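Spelled out from the first residue to the last, the chains are:
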Amino acid sequence: MDIRNLIDFNDMSLSEWDELYKLACRIKRSPAEFRDTCRGKIMATLFYEPSTRTQMSFQTAMMRLGGKVIGFSDPNASSVSKGETLRDTVKIVTAYSDVLVIRNPIEGAAYAASLYSRVPVVNAGDGGHLHPTQTLTDLMTINELKGRTDGLTVGCCGDLLNGRTVHSLLRAMARFKNNRFVLISTPELSLPDYVISELNAVGVENGNSFVKVSTLEECISELDILYMTRIQRERFHSQEEYARQSGVYRLTADKMKLAKPDMAVLHPLPKVDEIDYEVDDDPRTMYFEQAENGMYIRMALIAQLCAKERTGRAPAYPIQTEPFCHNPRCISNHEKYLPKLTKIVGGEERCCYCDAAIK
Ligand code: NCD
C-alpha cells in the first residue's frame with residue numbers, strides 16, 4: 001500500500017483497498033499467523049471524543065499484532081487541558097510512536113495532524129466530517145455478505161447531515177459501479193453538499209444514482225443493504241432541535257417484514273432508539289458481525305502502516321492567522337496557525353481540512 005495516512009477513504013486507490021481487504025480476510029481466517037507482525041511497534045491513540053468500539057478495536061488490533069499502545073481517551077487528563085496546540089501534541093506523540101490514531105470533535109483535525117506527524121496518521125473520526133476506518137469495516141462486511149460492493153441498492157437512514165460514517169461510506173461507494181443510493185432522512189438532516197457533489201461527480205461517472213426519500217416504508221422492499229444511523233445528539237446546537245429530530249425513524253419487526261429476505265441491516269453503532277430490540281434477533285441484522293470485522297480490517301491497516309519508515313522533522317508551513325474557511329466547525333478556525341490549503345473538486349475550490357466550499 002502506497003498511502004501513508006488514512007484521512008479519507010479516497011486517499012486509497014481501489015486496488016489498495018482490495019489488497020487491504022484480502023489481508024483482513026487472511027487475518028480473520030488465521031489470526032495467529034500475525035501475532036508478531038507489529039512486535040516492537042507502538043501505536044498512539046489520541047481520542048478527544050468518546051468512543052467504545054473504534055478505540056477498543058484499534059487497541060485490540062494492535063495488541064493482537066504483538067504491538068503496544070499509548071494515548072489518552074480523555075483530553076482533560078493530558079496537556080491539551082493546559083492549552084497545548086494540536087500541532088505540538090502531534091509532534092510530541094509522534095516522536096514516541098510508530099502510528100497515530102486520532103479522533104477529534106472538530107472537522108479536519110486528522111488532516112491537520114497529518115501535516116505535523118512523523119508517522120502515519122489514521123482518522124478515527126473528525127467531527128461530523130469523515131470516518132474512513134468505519135468505511136473499511138462497512139465495505140468488508142458488505143463484501144463478505146454480498147460478494148461485491150457494486151450493483152447494490154443501499155439505503156442510508158437517519159442523521160445524514162452529521163453522520164460521518166455515512167459521508168465516508170457514500171463517498172467510497174460512489175467509486176464503485178452501478179450502485180443506487182436511497183437517502184432516507186428529514187429535510188433538515190439531509191446530506192451536506194460536499195457529499196452530494198461527490199455523488200453527482202464521481203458517482204454519476206461510475207453509473208451510480210441516488211434518490212432522497214422521507215420514509216423507510218416507501219423504499220425498504222428495494223434495498224440490499226439498510227445502513228441505519230443514530231441522530232447525532234452531540235452535534236446539535238440545542239436540545240430542542242435534537243428533540244425535533246429524534247425518534248423519527250425506527251426500524252421495527254413490521255417494517256422488516258416488507259424487506260427482502262437477504263437484505264442486510266448494518267449500523268456503525270452505538271444505536272439508541274432507531275432499531276427496536278426485537279429486530280436485533282432478526283438474522284438479517286449484521287451490526288455485531290460488522291463491529292467484529294472492524295478489528296480485522298484495522299489489524300490489516302495497522303500492519304501495513306507500521307511498516308512505513310518514520311520521517312524526519314515535519315515540514316514548516318506558512319502560518320495563516322486570517323480565516324479562510326467559512327465552516328465554523330473547521331479545524332482551521334480553531335487552531336489559528338494552520339496553513340491555507342485548498343483543492344479543486346468538480347471545478348470548485350474546497351477546504352482541504354473539512355471539504356467545505358471556499359466562497
Ligand atoms: C460512529 C462514530 O463515532 O461516528 N461510531 C463508531 O465509530 N462506530 C457512529 C456514531 O457515533 O453514531
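Because the structure is predicted, anything quoted here is derived from the model rather than measured.

Chemist: Provide a residue-level description of the packing of helix α5 (residues 132–146) against helix α6 (residues 164–173), including the pertinent values.
Modeler: As a packed pair, α5 and α6 sit with axes 8 Å apart at the nearest point and diverge in direction by 60 degrees. Taken together, the axes of α5 and α6 lie oblique to each other. Note that α5 runs across α6; the crossing there is right-handed. Of α6, the residues touching α5 (which contributes Pro 132, Gln 134, Thr 135, Asp 138, Leu 139 and Ile 142) are Thr 165, Ser 168, Leu 169, Ala 172 and Met 173. Here the residues of the contact of α5 with α6 sort into six nonpolar, four polar and one charged.

Chemist: Break down the sheet that holds strand β7 (residues 209–213) for me, citing the residues and quoting the values.
Modeler: Backbone-to-backbone hydrogen bonds pair the strands of a sheet. The strands run either parallel or antiparallel. Across the sheet, which stays open at both edges, the five strands sit in the order β7-β6-β5-β8-β9 with parallel pairing between neighbours. One side of each edge strand has no neighbouring strand; the edge strands of this open sheet are β7 and β9 (264–266). Each strand of the sheet is rotated relative to its neighbour by a mean of 20 degrees, with strand direction disregarded. Pairing between strand β6 (residues 180–184) and β7: five bridges, direction parallel. Considered in β7, the bridge of Ile 184 is made with Val 213. With respect to the sheet, α5 is in contact with β8 (225–228) and β9, its orientation differing from that of β9 by roughly 170 degrees.

Chemist: A description of the packing of aromatic side chains should follow, citing residues and the corresponding values.
Modeler: In this structure the tally under the stated criterion is nine aromatic pairs. Between the aromatic rings of Tyr 111 and Tyr 353, the centroid separation amounts to 5.2 Å while the plane-to-plane angle is 85 degrees, which identifies the pairing as edge-to-face. Note that Tyr 111 is positioned in helix α4 (residues 109–115) and Tyr 353 in the segment after β11 (348–351), a separation of 242 residues in sequence. Classification of Tyr 111 by relative accessible area gives partly exposed; the value is 21%. Measuring from centroid to centroid gives 6.3 Å for Phe 324 and Tyr 353, while their planes differ by 50 degrees, and the two rings are tilted. One end of the pair, Phe 324, is in the loop between α10 (287–306) and β10 (342–345); the other, Tyr 353, is in the segment after β11, with 29 residues separating them in the sequence. Look at Phe 324 and you get buried, because its relative accessible area is 9%. Pairwise contacts between aromatic rings join Phe 9, Trp 17 and Tyr 21 into one cluster. Above the ring of Tyr 337, the side-chain terminus of Arg 87 is found at 4.9 Å from the ring centroid.

Chemist: Tell me about the side chain of Asn 206, and name the residues and values.
Modeler: Tracing the backbone through its elements, the reader meets Asn 206 in the loop between α7 (193–205) and β7. Beyond its immediate sequence surroundings of up to four residues, Asn 206 is in contact with Ala 174, Arg 175, Phe 176, Lys 177 and Asn 178.

Chemist: Before we move on, could you go through the pattern of salt bridges and cite the residues and values that matter?
Modeler: If you walk through the whole model with that rule in mind, you get 20 salt bridges. As a salt-bridge pair, Asp 262 and Lys 146 come within 3.8 Å of each other at their nearest N and O atoms. A residue pair is termed long-range when its members are at least 10 positions apart, and Asp 262 in the loop between α9 (253–258) and β9 and Lys 146 in helix α5 qualify at 116 residues. Owing to a relative accessible area of 47%, Asp 262 belongs among the partly exposed residues under this scheme. Accessibility expressed as a relative area gives 17% for Lys 146, which makes it buried. Of the charged contacts, one joins Glu 234 and Arg 230 as a salt bridge, the two residues approaching to 2.9 Å between their closest N and O atoms. Classification of Glu 234 by relative accessible area gives partly exposed; the value is 44%. According to the relative accessible area criterion, Arg 230 is buried, its value standing at 16%. Shared partners join several salt bridges into a network, and the residues in it are Asp 8, Arg 171, Glu 198, Lys 343 and Asp 355.

Chemist: Outline helix α3 (residues 86–96), listing residues and values.
Modeler: Those residues of α3 lying buried are Leu 86, Thr 89, Val 90, Val 93 and Thr 94. For α3, the buried positions fall inside an angular range of 115 degrees around the axis, keeping them on one side. Elements in contact with the buried residues of α3: β1 (42–47), β3 (99–104) and α4.

Chemist: I'd like to hear about the site of the ligand, residue by residue, with values.
Modeler: The environment of the ligand is made up of Arg 53, Thr 54, Arg 103, His 131, Gln 134, Arg 164, Thr 165, Arg 230, Gln 232, Pro 268, Leu 269 and Pro 270. Arg 230 has a polar side-chain atom sitting 2.7 Å from an oxygen atom of the ligand. Contact distances for the ligand include 2.9 Å between a nitrogen atom and a backbone N or O atom of Pro 268. Burial of the ligand by the protein amounts to 93% of the accessible area it has alone, namely 310 Å².

Procedures and definitions
Residues numbered from 1 in each chain as written. Predicted model: local features only at pLDDT ≥ 70, side-chain atom pairs only at ≥ 80, totals over all residues. Heavy atoms only, no water. Axes fitted to C-alpha atoms, helices over the stretch in contact; angles between N-to-C directions. Helix = DSSP H or I, 4+ residues; strand = E, 2+ residues; numbered from the N terminus. Parallel < 35°, antiparallel > 145°, perpendicular 65-115°, else oblique. Left-handed = near helix turned anticlockwise from the far one by under 90°. Contact = heavy atoms within 4.5 Å. Nonpolar A, V, L, I, M, F, W, Y, C, P; charged D, E, K, R; others polar. Pairing = 2+ DSSP bridges. Phe/Tyr/Trp six-rings, centres within 6.5 Å; stacked < 30°, edge-to-face > 60°. Buried < 20%, exposed > 50% of the residue type's maximum accessible area, 1.4 Å probe, protein only. Lys NZ or Arg CZ within 6 Å of the ring centre and 35° of its normal. Salt bridge = Lys/Arg side-chain N within 4 Å of Asp/Glu carboxyl O. Arc of directions from axis to C-beta. Near = heavy atom within 4 Å. Polar contact = N/O pair within 3.5 Å; in protein donor to acceptor, adjacent residues only side chain to side chain. Areas by Shrake-Rupley, 256 points an atom, 1.4 Å probe, with all protein chains shown as cover.

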